[in-house]
Amino acid sequence: MTSRRLARPPGGAIALLRLSLPSGTTRDSILEDLAYEHRRLAECRGPEAAGGWYWRQALSVSGRGLLDRLRGRCWGRLDPTRDPGRIPPRGPRFDVLGELGHLERDLRHGLRQLLRRPGSTLVAVVSLALGIGANVAIFSLVNGLLLRPLNVEEPDEATAIFTARLGEGRYGNTSYLDYLDYKKQNQVFSGLAAYTTAPMALAGDAAPEIVWGQVVSGDYFQVLGVEAALGRTFQPDEEDPQDTHPVVVLGHDTWRDAFGSDPGILGRTIRINDYPFTVIGVAPRGFTGLLSVVEPALWTPLSMTRRALPYSPNMESRFDPWLQLVGRRRPGVSMAEARAGMEVLASNMAADLPTHRGREIVLEGLDEGRLGGPDATGQAKRLLAMLLGVVGFVLLIACFNVANLELAKATERRREIALRYSLGASRWRIVKQLLTESTLLALFGGGAGIGVGILTLQGIGRLQAQAEVPIPIPATLDHRVLAVTLLLALATGVLSGLAPALQILKPRQTEALKEQGPALSRARGAGRIQQFLVGGQVALSLVLLTGAGLLIRSLNNTLAIDPGFDLRRGLVVPLNTGYGQYEEDEGRALQRRLLDRISVLPGVESAALAAFVPLGVNHGHHDVSVEGYEPAPDERMLVKRNMVSPDYFGTMGIPVVRGRAIDEGDTEDALPVAMVNETMARRYWPGRDPVEGRVRADLGRVYTVVGIIADGKYGSLTEPPEPYLVLPMTQAEYVANAELVVRTGGDPRAMIRPISSQVRSEVPGLPPPRIMTIPRYLEYSQGSARTPAVMVGVFGLLALVLASVGLYGVMAHNVSQRTWEFGVRLAMGATGSGVERMVMAGGLKIILSGMVVGSLMALGASRVLARLLYEVDPLDPLSFLGGAGILLGVGLLASFLPARRASRADPSTSLRAE
Amino acid sequence: MGRMGFIGEFEQVVLLAALQLKDNAHAPEIARTLEEDAGRPVSRGALYSTLNRLERKGFLEWRIEASSEDGGVQPKRRFSVTEEGIAALTASRDMLLALWKGLDEVLEGPSS
C-alpha cells in the first residue's frame, strides 16, 4: 500500500491555536480533531476548501477559547486543587514585595554560608580588601589632584594664561608689566587676575609657622566669582602702590585651625613675615585656590609683594616672570576666539617691543593648570592613569581569587544546590542567591578596603619628598571616592560570583544528585574555569612584575647619576630672612653671622651659603651676555645662575677644573668675578679659554671669569647638560631666601639640633628652619623616579602574592577533588613521585600558558611605561626575564605543596572516601 | 459536581448527539451529527466551548483515546454523558412536554 500524503492544515492557523489555548491534553486533542476533520474535508472538497474551513474554525476556536479564558473558564480538565475561576499567570511576573523577601532571605542565608567557612571567607575578604583598597588609594589621589572641584564660579569660562618665551617652556609665568598690558589691551576677557604662591611665616597668637600663601591682584576673587564667607575680599585699588594696603583674607581651614573659627577675626592684626596685616575676610569653605597641590592659608594683595614674598620680584622689569594669570572670558567668547584674540595681542606687543618677538600667549582650561601648568598636569595624568591600570589589574587578580574560592564552594555545595533545584527553585533563583553571597563578600571587602586605602595613602605620603613647607598628598576621601568604592565592590561581587553562577546555569544539575561517575569527570567542568582564572592571574601578575622591573631599573639608573657634587654627610638649612622684615644690609649681615657661627660648631667640617642648592625646588634662569659672543637671532642667552659664599665648592665637593674658586678675597669692592661650568665654557667660548672672559649678568654688572667647574645637575637628575654661572654673594643681587649647606664630620642627624638652636638664638622671631640631611633633600629630585618604581613594585608584589595564593588554592582543591583518582593510580602501581610530577606538570601548564599571554600583554604595557623610563629600553630583557623567573619560581612552589600531598595519598583511604 | 438546573438549547443538542453516538462520541462526530442529522451548522468554537461548559457542570466527561493516523499517536477525547447529564436532559424534556400539552393542533407534526 502506497503511503498517502495526508493534507496538512495551514501552519499559521495551527500557530494561532497554540498561542490562544493553554497547553495540555485538551489543546492537543482539539488540534487532532480539527486536523482529522481537515483531512476528511480535503479528501471530499480539496485542500483549498479544507484550508479555508480550517482557518475559520481556528479563528472561532481561538476567539472562544480566549473569551472563556478571560472569564476564568479555561479549557482543560478541571483541577480540583485549583480555583477554577482564576486565570493562571502567563510566565514569570515581577512581584516587588516577593523579590524583597527573597533578597532578605538570600542575605541571611549568604551570611550563614560565609560564617560556616571562616577560613575561605577570610582569604576572600582580605584579597578583596587589598584589591579594592589599592583602587581607593589611587582614586583618592586622582580625585584630589584632578577631579575635586575648584569651587569657582562657572569654571568652564575661566582660563589659565601662560607666557611662552623663546628658549623656555610653553607654560611660563608672566612679568608684572606684561600682565598689566595683557589686562589693558585684551578684548576677550571681562577680567584678568594674577597670583603667585610662596611660603610665608604666619603668626597669629602662637609662634610663627611656615604656610603657603598667595599674593594676588585686586580683582582675583572677583574674576573667580568667589565671595567671602566672612567680611570681604580685595578691591582693585588695593593692588598698589606698594606697602599701602596690609590686608589679608584667611583661608577657611586656617581660620578654623589657627584661630579657632573666631567670629571676631575681622579687624584683627596678625603678623605675616613679621609684618602686621589686618584680617578683612575669610574665604568660603572649599575654596583653596587654583592649584591642587597647594592650599593657601591666606591671600594678600599685590601691594604687599615686598612684605609677603621671601624674594623681591622686579616689578619694573619685563624679564622677571613671576605671576600666574587667570582670566574670565567675556560672555559668548569661546576658547578658540580667546586664543585668537590673545595671539593678536602678542603680535602687537612684539611689534612695539622687539624683546617680545617670538613670545606666545598660551591659553588653557583651568584644569590644565591644577598642578602648575599643563606639562606637570599631563605628567601627573599619565602617572595616575598608569597607576589606575596597575591597581585595576590587582583588583582583577583578587576577583579571580574570590571567583575560584566561590567555584570551589559551589562544587562542594552541589548537592544542596541540586536539591533546591529539584524542589522547584528556578535556576535564576539559585544564581541570584549565589550572586548575593559573592556581593556580600565584596561589600565586606569594600568596607575593609577603605581602611586599606587610607593606610596606603599614608604610605604614599611617606614617599613624598620633604619641602620647606609640607606639601600634603592631596588625596580626598569624599563622596566621589565612596561611590566609586561601592561600585567597585558591587561589580567585584557580580564578577566573582559569575563563575559558579554560570556553572549552575548549565543543565546538568540532576546528575549531581545521583552522584554518578567518578570524581574525575566531576572535577573537569569547574576545573577548566578555575584553570582559566588562575592563568589569567599569572598573566596579569607578569605584566605588573615586568613593569616593576623596568621602573626599578630606571630608578637605579637615576640614582646612579652623578649630581655633580659630592656631599654625603651633610645638611641643608633653609635660611629665609624674608620671613622677617630684614632690609638688605641687615639680611646680608645676618646671613654672614649665621655662617660664621655655624662653621665653627664642633662636628662641622665646613659650611657655605648659596642662593640655590642644586636639585632643589626651584632654580631660575637668568639673562646674560658674553663679550665676544654673538647670539643667533633666535637665541636667548639664558643660564641658571647661583650666588655663593667662598667655601661653597669645598663644602659641596664640586671640583674646580680650571682656574680658581670664589674666595674670601672676592668682596663687595673687589673686581666682580664669576665661575662657569664646562657646558657654558664650551657654548659661549667655543675653542677659546673662558678664563679672563667677561660676562654681563646681575644688575648689569660685568664679571670676569676666574674658574671653571665640572658640569652638574641643577634642576633635575635627568636634565641634559646646561650652562651654569656662579657669582659671589657679596658681588651679586641680594637673595633673602638663601640656604646654608653644612658638611659634617660624623652623622649629620646629630648636628640638626645644635644648628637649629643656633639659628633660633640669632633670629628668635623666625619660624624654626626645616633642616634636612642630604639624602632626604635629594628625595625631591629622585621622587619622579622613585615614586612610580616603589608603587608599581609594591603592587606587583601584592599581585604576586594574590596570584600565588590563587594558584595554590586551585591546585589544592584540584588535588582534593581527585583523591579517588590518585588512590586508583597509586593502587595500580604508580609511584608517589610519578603522581607528584603529574600534578606539578598540571600546575606548570597553567603557569606557562598564563606567562605566554602575560608576556604579550607586558610587551604592550611596556610601551606605555616608556615615557617614565630613564635609559632603560622598554623591551629590556632583564626586566622581562626577571619578572618571568620570579613568577615561575613562586608558581612552582605553590604547586609543589599540593603535589606533595597528592603523592602521599594512601590508596586505601582515598578509595574508601569515594 | 453537577448542578441540577436547566440547560441551554445548544447544550441539550450536544448532549443528545453524544448520547446518540454512544461509544463514538468524539468532537468531530458530534459536530457531524449536528450538522448533517440535525441540519444545523456548528462553529467549532461554540462546540468546544459548550463541551467545556458541560464538563464543568458535570453533565459530560471525557477519556483520552490514542489515535494513530498520520504516523504518530495523537490524543483524542471520547465524551460520555454522565448521570447528572441524563437527569438534566430528562428534566428538560419533561418541562417541554408539560408546556407542549394541548398544543398539538397549533404545532404541526414532525416534518418527514
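This one's a predicted model, so the numbers in the text were calculated from it and none came from an experiment.

The next subject is the overall build of chain B. From N to C terminus, chain B includes four helices and two strands. Each helix and strand of chain B, placed in order from N terminus to C terminus, yields the pattern α-α-α-β-β-α. Here chain B holds 112 residues, and the buried ones make up 44% of them. Put simply, chain B shows about 6600 Å² of open surface, and 53% of that area lies on carbon and sulfur atoms.

In this section: the overall build of chain A. Looking only at helices and strands, chain A has 25 helices and 22 strands in total. Relative to a compact globule of 914 residues, whose C-alpha radius of gyration would be 29 Å, chain A shows 39 Å and is clearly more extended. Counting only residues that meet the buried cut, chain A has 52% of its 914 residues in that class. Partitioning the intrachain contacts of chain A with sequence separation of at least 6 by distance along the chain shows that 80% fall at a separation of at least 24. For chain A, the accessible surface area stands at approximately 41500 Å², while carbon and sulfur atoms represent 58% of it. Of the side-chain charges in chain A, 97 are positive and 90 negative, and the distance between the mean point of each set is 17 Å.

On to the side chain of Ser29 of chain A. Within the secondary structure, Ser29 of chain A sits in helix H2 (residues 25-45). The class for Ser29 of chain A is buried, based on a relative accessible area of 0%. Within polar-contact distance, the side chain of Ser29 of chain A engages the side chain of Arg77 of chain B at 2.9 Å.

Residue and element names in this part refer to chain A. Packing of helix H6 (residues 176-185) against helix H10 (residues 335-352) brings their axes to within 11 Å, and their N-to-C directions diverge by 125°. When the axis of H6 is compared with that of H10, the two are oblique. Helix-helix and strand crossings are classified by hand; for H6 and H10 the assignment is right-handed. Residues Asp178, Asp181, Tyr182 and Gln185 of H6 lie in contact with H10, whose contacting residues are Met342, Leu345 and Met349. Grouping the amino acids of the contact of H6 with H10 by side-chain chemistry returns four nonpolar, one polar and two charged.

Turning to the pairing of strand E1 (residues 158-164) of chain A, a few remarks are in order. Residue and element names in this part refer to chain A. Among the seven residues of E1, seven are classified as buried, and the element is accordingly described as predominantly covered. Residues Ala158, Ala160, Phe162 and Ala164 line one face of E1 and the alternating positions Thr159, Ile161 and Thr163 line the opposite face, and both faces are buried. In this structure, E1 lies alongside strand E9 (residues 324-329), joined through four bridges in antiparallel fashion. Bridge pairing in E9 links Ala160 to Val326.

Further remarks concern the interface of chain B and chain A. Taken together, the contact between chain B and chain A spans 26 residues of the former and 28 residues of the latter. Of the roughly 2500 Å² buried where chain B meets chain A, counting both sides, 51% is carbon and sulfur surface. The interface formed by chain B and chain A contains two salt bridges. Here Glu37 of chain A ties to Arg44 of chain B by a salt bridge, and the two come within 2.5 Å at their closest N and O atoms. Linking chain B to chain A there are seven residue pairs in polar contact (both at pLDDT 80 or more). When residues of the side of chain B that touches chain A are traced back to their parent elements, those giving at least two are helix H2 (27-37), helix H3 (44-57), strand E1 (60-67) and strand E2 (74-81) of chain B. Considering each element in turn, the side of chain B that touches chain A owes the most residues, nine residues, to H3 of chain B. Its residues assigned to classes, the side of chain B that touches chain A comprises 10 nonpolar, six polar and 10 charged.

All names here are of chain A. Leu725, Val742 and Ile755 are the most contacted members of the largest nonpolar core, which totals 48 residues. The leading source of residues in this core is helix H17 (residues 584-599), at four residues. Setting aside chain neighbours within four positions, we find Ile755 in contact with Leu571, Val573, Ile598, Leu601, Val742 and Ile771. Val142, Leu457, Val481 and Ala548 belong to the second largest nonpolar core, which has 44 residues in total.

A separate point is a negative patch on the surface. Taken together, the side chains of Glu583, Asp585, Glu586, Glu668 and Asp669 of chain A define an acidic patch exposed on the protein surface. Here Glu668 of chain A lies in the loop between strand E16 (656-659) and strand E17 (673-677).

Before going further, it helps to spend a moment on unusual backbone geometry. At Asn151 of chain A, a position not held by glycine, the phi torsion is positive, near 60°. Mapped onto the secondary structure, Asn151 of chain A falls in the loop between helix H5 (118-147) and E1. According to the relative accessible area criterion, Asn151 of chain A is partly exposed, its value standing at 42%. A positive phi angle, near 50°, is found at Lys22 of chain B, a position not held by glycine. Residue position: Lys22 of chain B is located in the loop between helix H1 (9-21) and H2. For Lys22 of chain B, a relative accessible area of 64% corresponds to the exposed category.

Residues and elements named next belong to chain A. Within the fold, Glu364 resides in strand E10 (residues 360-365). Judged by its relative accessible area of 16%, Glu364 is buried. Non-local contacts of Glu364, meaning those with residues more than four positions away in its chain, are made with Thr159, Ala160, Phe162, Tyr171, Met335, Arg339 and Pro374.

This part covers the packing of helix H22 (residues 819-827) of chain A against helix H23 (residues 832-865) of chain A. Residues and elements named next belong to chain A. Interaxial distance between H22 and H23 falls to 10 Å at its minimum, and their mutual angle equals 140°. With respect to their mutual orientation, H22 and H23 come out oblique. As for how H22 packs across H23, the hand of that crossing is right-handed. Contacts between H22 and H23 pair Glu821, Phe822, Arg825 and Leu826 from the former with Gly832, Val835, Met838 and Val839 from the latter. Along the lines of polarity and charge, the residues of the contact of H22 with H23 split into five nonpolar, one polar and two charged.

Residue and element names in this part refer to chain A. A complete count under the given rule lists 47 salt bridges over all chains for this structure. Between Asp663 and Arg660 there is a salt bridge; the shortest N-O distance is 3.5 Å. Taking relative accessible area as the criterion, Arg660 reaches 31% and is therefore assigned partly exposed. Of the charged contacts in the structure, one is a salt bridge between Arg776 and Glu779, with a shortest N-O distance of 2.4 Å.

All names here are of chain A. The buried fraction of E17 amounts to five of the five residues, a majority that puts the element mostly inside the structure. Residues Val673, Met675 and Asn677 point to one face of E17 and Ala674 and Val676 to the other, with burial holding for every one of them. As paired elements, E17 and strand E20 (residues 724-728) share two bridges and run antiparallel to each other. Paired with Val676 across the strands is Leu725, a residue of E20.

Take the confidence of the model for chain A next. Residue and element names in this part refer to chain A. Here chain A averages 86 in pLDDT, while 93% of its residues score no lower than 70. Ignoring residues within four places in sequence, the model shows residues 79-93, a span with pLDDT below 50, making 10 contacts including any to other chains. Every residue in residues 513-523 scores below 50 in pLDDT, and together they form 14 contacts with partners more than four places removed in sequence or on other chains.

Mean pLDDT for chain B: 85, with 86% of residues reaching 70 or above. Both confidence scores are given for the complex: pTM 0.72, ipTM 0.88.

Another aspect to go through is the packing of aromatic side chains. Both the distance between ring centres and the angle between the ring planes are used here to describe each pair of aromatic rings. Evaluation of the coordinates by the stated rule reveals 13 aromatic pairs over all chains. Grouping aromatic residues by their ring pairs yields a cluster made of Tyr195, Tyr220, Phe221, Phe234, Phe287 and Trp299 of chain A. Over the ring of Tyr36 of chain A we find Lys76 of chain B; its NZ or CZ atom is 4.3 Å from the centre of that ring. Its guanidinium or amino end placed over the ring of Trp62 of chain B, Arg77 of chain B lies 5.2 Å from that ring's centre, counting from NZ or CZ.

Each value, and the rule that gives it
- Residues numbered from 1 in each chain as written.
- Chains lettered and ligands numbered in written order.
- Predicted model: local features only at pLDDT ≥ 70, side-chain atom pairs only at ≥ 80, totals over all residues.
- Heavy atoms only, no water.
- Helix = DSSP H or I, 4+ residues; strand = E, 2+ residues; numbered from the N terminus.
- Buried < 20%, exposed > 50% of the residue type's maximum accessible area, 1.4 Å probe, protein only.
- Areas by Shrake-Rupley, 256 points an atom, 1.4 Å probe, with all protein chains shown as cover.
- Rg over C-alpha atoms; globule rule 2.2 N^0.38 Å.
- Contact = heavy atoms within 4.5 Å.
- Lys, Arg positive; Asp, Glu negative; His and termini not counted.
- Charge placed at Lys NZ, Arg CZ, Asp CG, Glu CD.
- Polar contact = N/O pair within 3.5 Å; in protein donor to acceptor, adjacent residues only side chain to side chain.
- Axes fitted to C-alpha atoms, helices over the stretch in contact; angles between N-to-C directions.
- Parallel < 35°, antiparallel > 145°, perpendicular 65-115°, else oblique.
- Left-handed = near helix turned anticlockwise from the far one by under 90°.
- Nonpolar A, V, L, I, M, F, W, Y, C, P; charged D, E, K, R; others polar.
- Pairing = 2+ DSSP bridges.
- Buried area = accessible area lost by both parts, 1.4 Å probe.
- Salt bridge = Lys/Arg side-chain N within 4 Å of Asp/Glu carboxyl O.
- Core = buried A, V, L, I, M, F, W, Y, C linked by side-chain atoms within 4.5 Å.
- Patch = residues over 30% accessible without salt bridge, like charges linked within 9 Å, V, L, I, M, F, W, Y side chains within 5 Å.
- pLDDT = per-residue confidence, 0-100.
- Phe/Tyr/Trp six-rings, centres within 6.5 Å; stacked < 30°, edge-to-face > 60°.
- Lys NZ or Arg CZ within 6 Å of the ring centre and 35° of its normal.

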